[in-house]
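# Understanding the architecture of this molecule
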Amino acid sequence: MDQPAFTAVTLGGTLLFRTRLRRLALTCIALVTAAAVLPPAAAADSRDRPDRHPSGGGLSAVIRYTEHGIPHIVARDYASLGFGSGWAQAADQVCVLADGFLTVRGERSRYFGPDAAPDGSLSSATKNLSSDLYFRGVRDAGTVEKLLATPAPAGAGRQVKELMRGWAAGYNAWLKQHRITDPACRNADWVGPVTTLDVARRGFAVSVLGGQGRGIDGITAAQPPGTAPVGAPDAAGTAKAARELFAAGNADMGSNAVAFSGSTTANGRGLLIGNPHYPWQGGRRFWQSQQTIPGELNVSGSSLLGTAVVNIGFNDKVAWSHTVATGVTLNLHQLTLDPADPTAYLVDGKPERMTQRTVSVPVKDGAPVTRTQWWTRYGPVVTSLGPTLPLPWSATTAYALNDPNATNLRGSDTALAFGKARSTDDMVKALKRTQGLPWVNTIAADSKGHTLFSQSQVLPRITDELAQRCSTPLGKVTYPASGVAVLDGSRGDCALGADKDAVQPGIFGPSKMPTLKGAPYAENSNDSAWLANADHPLTGYERVFGSIGTPRSLRTRGGIEDVAAMADKGRLTVSDLQKHQFANRAPAGDLAAADTAKACAALPGKGADLAQACDVLAAWDRTMNTGSRGALLFDRFWRGLTARVPTAQLWKVPFSAADPVRTPNTLNTASPGFAQALTAAVAELRTAGIPLDAPLGEHQFVVRNGKRIPVPGGTEGLGVWNKVEPVWNPAGGGYTEVVTGSSHIQTVGWDGGRCPVARTLLTYSQSSNPASPYYSDQTELFSGERWVTSRFCERDILGSPELRVVWARERR
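Per chain, residues are indexed from 1 in the order of the written sequence. Only residues with pLDDT of 70 or above have their local features reported here, since the model is predicted, and side-chain atom pairs are shown and tallied only from 80 upward, although totals for entire chains, interfaces and linings are computed over all residues. For side-chain calculations, the full set of non-hydrogen atoms in the structure is used, while hydrogens and water are omitted.

### A few points about empty space enclosed by the protein
As a reminder of what qualifies: The rule is simple: put a 1 Å grid over the protein atoms alone, call a set of points where a 1.4 Å probe fits but cannot get out a cavity, call an open set with protein on both sides within 12 Å along at least five of seven lines a pocket, and count a residue as lining if it has an atom within 4 Å of a point. Grid points are joined across faces, edges and corners, and a volume is the space filled by probe spheres set on the points. Only runs of H or I of at least four residues qualify as helices and only runs of E of at least two qualify as strands under DSSP, and these elements are numbered from the N terminus. Three categories are distinguished: nonpolar for Ala, Val, Leu, Ile, Met, Phe, Trp, Tyr, Cys and Pro, charged for Asp, Glu, Lys and Arg, and polar for the others, with Gly belonging to the last.
Per the counting criterion, the structure on display carries 7 cavities of 30 Å³ or more. Of the pockets and cavities examined, the largest cavity occupies roughly 470 Å³. V206, T307, N311, G411 and S412 are the residues nearest the centre of the largest cavity, which is lined by 30 residues in total. With 6 residues, helix α8 (residues 196-207) is the largest single contributor of residues to the lining of the largest cavity. Each residue belonging to the lining of the largest cavity can be placed in one class, and the counts come to 19 nonpolar, 10 polar and 1 charged.

### Brief notes about the nonpolar core
Basically, it comes down to this: Take the buried residues of types Ala, Val, Leu, Ile, Met, Phe, Trp, Tyr and Cys, join any two whose side-chain atoms come within 4.5 Å, and each joined set is a nonpolar core. Exposure is judged per residue with a 1.4 Å probe applied to protein chains only, and the accessible area is read against the type maximum: over 50% gives exposed, under 20% gives buried, and values in between give partly exposed. By the convention used here, residues are in contact when the closest approach between their heavy atoms is within 4.5 Å.
Grouped together as the largest cluster of nonpolar side chains are 171 residues, with contacts concentrated most on V94, Y171, V191, F204, F260 and I462. Once you skip the residues sitting within four places of it in the chain, F260 turns out to touch T265, G270, L271, A445, T451, P520, Y521, V563, M566, A567, L572 and L577. Of all hydrophobic cores here, the second largest spans 41 residues; its members include V616, W651, V720 and W728.

### Re the pairing of strand β26 (residues 724-729)
Rule in force here: At least two bridges found by DSSP between two strands is the condition for calling them paired.
Where β26 lies against strand β27 (residues 734-742), 6 bridges are found, and the strand directions are antiparallel. If you follow W728 over to β27, its bridge partner there is Y735. Taken together, β26 and the strand that follows it, β27, pair antiparallel across an intervening segment of 4 residues, in which G733 is found at a positive phi of about 115°.

### A short note on the environment of S456
Looking at the secondary structure, you find S456 in the loop between β18 (451-454) and α13 (464-470). Separated by 21 residues in sequence, S456 and Q435 place their C-alpha atoms 7.3 Å apart. Dropping the residues within four chain positions of it, S456 is found in contact with L431, L437, V440 and M513.

### Describing helix α15 (residues 554-569)
Let me state the cut-off plainly: A helix is expected to reach a length of 1.5 Å times the quantity of its residues less one.
End to end, α15 covers 22 Å across 16 residues, agreeing with the expected 22 Å (1.5 Å per residue, within 8%). Turning to α15, its buried residues number three or more, namely L554, R555, T556, R557, G558, G559, I560, V563, M566 and A567. Elements that come into contact with the buried residues of α15 comprise β4 (254-260), β5 (271-279), β21 (521-524), α16 (574-581), α17 (587-601) and α19 (631-644). One or two positions beyond α15, positive phi appears at G570, with a value near 75°.

### Some thoughts on helix α21 (residues 672-687)
Relative to the 22 Å expected for 16 residues at 1.5 Å per residue, α21 spans 23 Å between its end C-alpha atoms, a close match to the ideal helical length. Elements that come into contact with the buried residues of α21 comprise α17, α18 (608-619), α19, β23 (665-667) and β26. A positive backbone phi angle near 75° is found at G689, which sits one or two residues after α21.

### Topic: the side chain of T376
Note the threshold: Each polar contact in these results corresponds to two N or O atoms within 3.5 Å; when the atoms are within protein, one needs to be able to donate a hydrogen and the other to accept it, and residues that are neighboring in sequence are counted only if both atoms are side-chain atoms.
Summarising the element assignment, T376 is placed in strand β14 (residues 366-376). Separated by 3.0 Å, the side chain of T376 and the backbone nitrogen of Y378 make a polar contact. Only 2.8 Å separates the side chain of T376 from the backbone oxygen of G379, close enough to count as a polar contact. In this view, T376 contacts L335, Y345, M354, V381 and A400; residues no more than four positions away in its chain are not counted.

Written as structure tokens, this is what we have:
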């Protein structure tokens, strides 16, 4: 069936039609509200008697769509709210969602073959087979079922379980009542109904992204050694690989966020800007909505696909965003193996056998593949954390991966509690109560003018004292360098222990989390908590949370410079935050462009091309706006320079912990790599037929339905707040696709009224379906540095000129 169960659409019609539509919307809301406030007995009667409910006793929700296809979902209870969310997400993202459910069911090889690569959104697996082996192992072990059966607070709460149940029902109802038009999965046999357990498994996959999810290839490939000797890992090389693996600059997710207190704003109320950097394709996209249960919940923002809660957002009193944190969410235990049996390990001198998980994966056009995984009291045996970090299993030694988030299904409880919060103090209480965030910081502001930064993560309880006492020789190198602890698994006294205020053993309790409350500004750009406010550094936390007194990224340095100056200026408004998002300042350019142009002009024997390059760089405005000339040339030069010259040799003035925002500085143009990088960048652009002074937007763009859309912003290496990481394809015209970068951007404040003052932007738009009107509309807004005015209050929703009402319901 092509049409939803009930839909009313405005197509620029008459005032009378719009009036009737709004009356209809209000009638729907009145019915939902009445159901929400019924006394328990009456509510039960309403569910039991089909004539009392328009869906015949099934779940239903009212969805009001406003500009850009943003749904405002109203429901009478949590299951119905989940239903509306699952329905609306399926309408926009059914193919991406279905692909993700194949992943967590371990069925990719069955449909796409074992050697194809997943999209990377739910794990680091490089092939479908390793992904399936891992997730079918999770499935066979009943891991998620056990987590769902765990009572709160250690397990998920009842309301979240109801949301997940409803989400699955809403997704299934949409599938049943519609034909799929997205060519990515139209008529595909791998799209089908899902269960509550599938939704929970997807949440589990997101939770372990930073732990077991990093090691899937190494977990599924781990096999007992043969007779040939296996060498030990090189300590220095492993430490370097671990440092790079966990470095924010190498991640496919990042983010910026700043909260400003009332002391810096025009009206004494808080302000927040959130700028998460997430993949532009695949299952880690955000999706916008407003979720309302009258009298219970009213929150707007973005959700990771497949999630039944708002992950980043705001209500009428608080606003929050997340940034990927530096806390290392895993640790390794180095096992001393039984000399007589490499599948047994010693703990306090006593052998303990590994547990075998034999997993079978169906494969397209082939026989099923069966493999054995090996598990210990610490977690799975792992033989690598990516191709650059081998952890060989020898006759004497193996490594087990501990991931405390493998027993954490509480992330949605934290998000739901945030949606209900009335102040930043409430958010602190929510973090303490739920302890559900696996790999992010929280930055928040409220309508009373308070700010919050908290690195409240689920981290293995690795204290510096424990690491000092129990690290193996390998761990003594990796832990200081990267925060990755390698503990002696043969000693019982090296167990992680428990904090009294922690909801599960082996993790830090809330009292240990780096937290800053009430600062004039609280900022994070994926460095550690140390400089959340440069005037009030956070110290005293364990190394596993992140480093202290070490160089900051250019994005952090530029961000602190900018937001500190804004705080000092004061009288800030939402408009100031909007301008900051699209300032597109390149800190690398401010630090190095003038010296580059000067040194360029002094190079001996330069030809006409290089002479022009000197002039272009001297005239560049140091921004990454689409109209900036010289931005592309500097970008390609800077990439080449930083690849050729080690950081320690790049600057004349080294880093100083006493001046971490302004150091290092002064480009070392005498480095041999300088002239090489500049010459190579000029040659690269000339070969591609790109003028050296071409406007950035002509060669940094995405293509949507055959149309080029210029993309503003710059890369991690340049330190640009408005981060985009596109793919360089000179034969295709330059940067022809964005892999990751600015995603769901929000600027939020309050003016004393009932409605928050919010502007939002979903850079890659709401739908992945090329046939959808919401496939590229917000991408074009992003290109033009324009915003969406949030419609939060009823009068604003009903006043939308594009209002469309859907009563989504189950059909029995």
